[in-house]
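Analysis of the macromolecular model
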Amino acid sequence: MSHLSVAKFGGTSVANFEAMTSSANIVMADANTRVVVLSASAGVTNYLVELANGCEKEHRDEVLSAVRQIQYNIIEKLQNQDAVKAEIDNLLDHIAALAESASLATSAALSDELISHGEMMSTKIFTQLLVESGHPAVWVDVRDVVATNNHYGKAAPNDEKTQQQSNNVLKPLIASGKIAITQGFIGRDDEGKTTTLGRGGSDYSAALLAEVLGANDVLIWTDVPGIYTTDPRVVPNAQRIDTMAFNEAAEMATFGAKVLHPATLLPAVRSNIPVYVGSSKAPEQGGTWVTRDPQPRPTFRAIALRRNQTLLTLSSLSMLHAQGFLANVFAILAKHKISVDVITTSEVSVALTLDKTGSASSGANMLSSELLDELNAYCNVQVEDDLALVAIIGNNLHTQSGVAKKLFHTIENYNIRLISYGASTNNVCTLVKNNEADDIVRSLHLGLFE
Ligand code: ADP
Ligand code: ASP
Ligand code: MG
């Protein structure tokens, strides 16, 4: 089979007619791109999350009309508006009905059903745009392909079933010369209900589909021409990284570099599929290739920032010389489906971070009162908010002399609440105050990269 690329376009790349046209041009210019995965138009998912969390009629109407306006602004510029407008109106009616239900009682399954409509709408419109340009595009409901468990808001894919459904649904389409246009972010559970993979999950969808299709690469088209040494919005002097390794990119994504969803690299690593990141507005500027073993591998590669972290400090005198304290703490966290990020321990206490909002689609707070009650019954619990995780990503950081000195020297004027160094060869994590995080990232970038 000839070269097959799966291309993914994020929210800003399908935000309006102009952005969609640039994205469509990229698809049409590359004969290898035969599967296209889209996010919802920028802003739409946030609005749908608001509706899913339940709101009063007046506010609901405002939000609905904002969503309608985003989609109508694009449709108005199509040559043949009627066919797709009827479909969008139908989806908007569904959204209105689901939003009304959510205002009475919210549920995780209802939220996912509602939130999935953003991707349904953007893909309908984009397919029409390509068809009008004479491209053999067909709309595919990705829920017929991506199977997941029923962990609504952050569902995990069922790889075997997805593989099977891809063989039945997607492969024959591609083999017949069609270009499949489909949704990122969403899937379906065994009961037939819609699920979502967590915010920003379209990158992950694209990598999953690439894996089951045996694609040659995944092309992530976004609003920056590649992966940079840090978020270029925070540090305008950040430099583009031309080639980097899977594990470096995975660490960056895990520790907050929003340019890739943290799970994107899982299928890529498993099946050794190169991932490209480029700008849909300026494809000529080139981008970043993420591959298994590119050279060179510098000691300092990048800085990642994740805001709004929560630090839990759990202490108990009975931890002194006792066995099982950590095991019990982790059992409680696991029961509440919380995964721990950064952790340090002392004789009688353990400090650990949770990403406050998680990446669950509905933005539900991870630190539920049930979890706190259970922890409080077992040990003393101290909660600190307004923290940010700043991670320095690199290679062999723990075996190089002078790394810690350089880092501490660079940020000597700031208070570091917690540091984790040594567990991974690829990162050093620090927890700092939210309101100092940008300055710290800028100082680190100046010290390490400029
Ligand atoms: P999309 O909607 O296309 O998925 P995202 O907003 O999710 O786009 O991701 C792109 C954004 O990621 C950029 O606009 C940039 O601000 C941010 N970002 C964070 N860290 C980095 C980095 N190291 N390199 C490039 N972009 C980054
Ligand atoms: N539309 C979803 C979100 O905003 C998924 C994505 O864009 O990747 O999170
Ligand atoms: Mg994204």
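Model, not experiment: these values are computed from the prediction.

1. A closer look at the environment of alanine 42
For alanine 42, the position within the fold is in the loop between strand 2 (33–38) and helix 2 (44–52). Residue alanine 42 is classed as partly exposed on the basis of its relative accessible area of 33%. In this structure alanine 42 touches Gly11, Thr12, Ala15 and Ile70, once residues within four positions along its chain are discounted.

2. Quick look at the site of ligand 2
For ligand 2, the full set of nearby residues is Ser39, Ala40, Thr45, Glu119, Phe185, Arg199, Gly200, Gly201 and Ser202. The backbone of glycine 200 places a nitrogen or oxygen atom 2.7 Å from an oxygen atom of ligand 2. Take glycine 201: an N or O atom from its main chain is 3.4 Å from an oxygen atom of ligand 2. Burial of ligand 2 by the protein chains amounts to 86% of its free accessible area of 260 Å². Tallied by class, the residues present in the shell around ligand 2 amount to two nonpolar, five polar and two charged.

3. Description of the nonpolar core
Among the nonpolar cores identified, the biggest contains 97 residues, and Phe9, Leu51 and Phe126 are the most heavily contacted of them. The leading source of residues in this core is helix 4 (residues 81–104), at eight residues. Sequence-distant contacts of leucine 51, that is, excluding residues within four places in its chain, are made with Arg60, Val63, Leu64, Ile95, Ala99, Ala102 and Leu114.

4. A closer look at the site of ligand 1
Taken together, 17 residues form the shell around ligand 1, and within it Thr222, Asp223, Tyr228, Asp231 and Arg233 come nearest. One of the side-chain nitrogen or oxygen atoms of aspartate 223 is found 2.8 Å away from an oxygen atom of ligand 1. Within the side chain of lysine 258, a nitrogen or oxygen atom sits 2.9 Å from an oxygen atom of ligand 1. Computed on the free molecule, ligand 1 has an accessible area of 570 Å², of which 90% lies beneath the protein chains in the complex. When the residues that make up the shell around ligand 1 are grouped by side-chain class, the tally is seven nonpolar, five polar and five charged.

5. Some words on helix 3 (residues 57–75)
End to end, helix 3 covers 26 Å across 19 residues, agreeing with the expected 27 Å (1.5 Å per residue, within 8%). Within the span of helix 3, buried status applies to Arg60, Val63, Leu64, Val67, Ile70, Gln71, Tyr72, Ile74 and Ile75.

6. Topic: the sheet that holds strand 7 (residues 217–222)
Adjacent strands of a sheet form backbone hydrogen bonds with each other and so pair up, either parallel or antiparallel. Read from one edge to the other, the open sheet built from eight strands follows the order 3-4-2-1-7-9-10-8, with strand pairing classed as mixed. At either margin of the open sheet sits one strand with a lone partner, and together these are strand 3 (137–140) and strand 8 (243–245). Averaged over neighbouring strand pairs, the angle between their axes works out to 20 degrees when direction is ignored. Two elements, strand 2 and strand 4 (residues 179–183), share four bridges in a ladder whose sense is parallel. Residue pairing in the sheet places valine 37 in a bridge with threonine 182 of strand 4. Of the strands in this sheet, strand 2, strand 3 and strand 4 touch helix 7 (residues 159–175), which is tilted by about 175 degrees from strand 3.

7. With respect to unusual backbone geometry
Of note, the amide linkage connecting glutamine 295 to proline 296 takes the cis form, showing an omega dihedral of -5 degrees. Relative to the helices and strands, proline 296 is located in the loop between strand 10 (287–291) and strand 11 (300–315). Of note, the phi angle at asparagine 272 is positive, near 50 degrees, even though the residue is not glycine. Considering the arrangement of structural elements, one finds asparagine 272 in the loop between helix 10 (265–271) and strand 9 (275–279). The backbone of asparagine 396 sits at a positive phi, close to 50 degrees, despite the residue not being glycine. Inspection of the secondary structure puts asparagine 396 in the loop between strand 14 (380–394) and helix 13 (403–410).

8. Side note on the UniProt feature "domain: Aspartokinase ACT" (unreviewed entry) in the chain
Cross-referencing UniProt, the feature "domain: Aspartokinase ACT" (unreviewed entry) maps to residues 390–445 in the present numbering. Segment residues 390–445 splits into 36% helix and 29% strand. End C-alpha atoms: 11 Å apart.

9. A few points about the pairing of strand 15 (residues 418–421)
On strand 15, burial follows the alternation: Leu418 and Ser420 on one face are buried, whereas Ile419 and Tyr421 on the facing-out side are not. Between strand 15 and strand 16 (residues 427–433), which pair antiparallel and follow one another directly, the connecting turn spans five residues, one of which, glycine 422, has a positive phi of 120 degrees.

10. Quick word on the UniProt feature "domain: Aspartate/glutamate/uridylate kinase" (unreviewed entry) in the chain
According to UniProt, the positions carrying the feature "domain: Aspartate/glutamate/uridylate kinase" (unreviewed entry) are residues 6–278. In residues 6–278, the share of helix is 49% and the share of strand is 14%. The end C-alpha atoms are 14 Å apart.

11. Overview of the packing of helix 4 against helix 6 (residues 117–132)
Where helix 4 meets helix 6, the closest approach of the two axes is 10 Å, and the angle between their N-to-C directions is 175 degrees. In terms of orientation, helix 4 and helix 6 fall into the roughly antiparallel class. Contact residues: helix 4 offers Val84, Glu87, Ile88, Leu91, Leu92, His94, Ile95 and Leu98, while helix 6 offers His117, Met120, Met121, Lys124, Ile125 and Gln128. For the contact of helix 4 with helix 6, the class distribution of residues is nine nonpolar, three polar and two charged.

What counts, and at which threshold
Residues numbered from 1 in each chain as written. Chains lettered and ligands numbered in written order. Predicted model: local features only at pLDDT ≥ 70, side-chain atom pairs only at ≥ 80, totals over all residues. Heavy atoms only, no water. Helix = DSSP H or I, 4+ residues; strand = E, 2+ residues; numbered from the N terminus. Buried < 20%, exposed > 50% of the residue type's maximum accessible area, 1.4 Å probe, protein only. Contact = heavy atoms within 4.5 Å. Near = heavy atom within 4 Å. Polar contact = N/O pair within 3.5 Å; in protein donor to acceptor, adjacent residues only side chain to side chain. Areas by Shrake-Rupley, 256 points an atom, 1.4 Å probe, with all protein chains shown as cover. Nonpolar A, V, L, I, M, F, W, Y, C, P; charged D, E, K, R; others polar. Core = buried A, V, L, I, M, F, W, Y, C linked by side-chain atoms within 4.5 Å. Expected span 1.5 Å × (residues − 1). Pairing = 2+ DSSP bridges. Axes fitted to C-alpha atoms, helices over the stretch in contact; angles between N-to-C directions. UniProt positions renumbered as here; feature names shortened; annotations may be inferred. Parallel < 35°, antiparallel > 145°, perpendicular 65-115°, else oblique.

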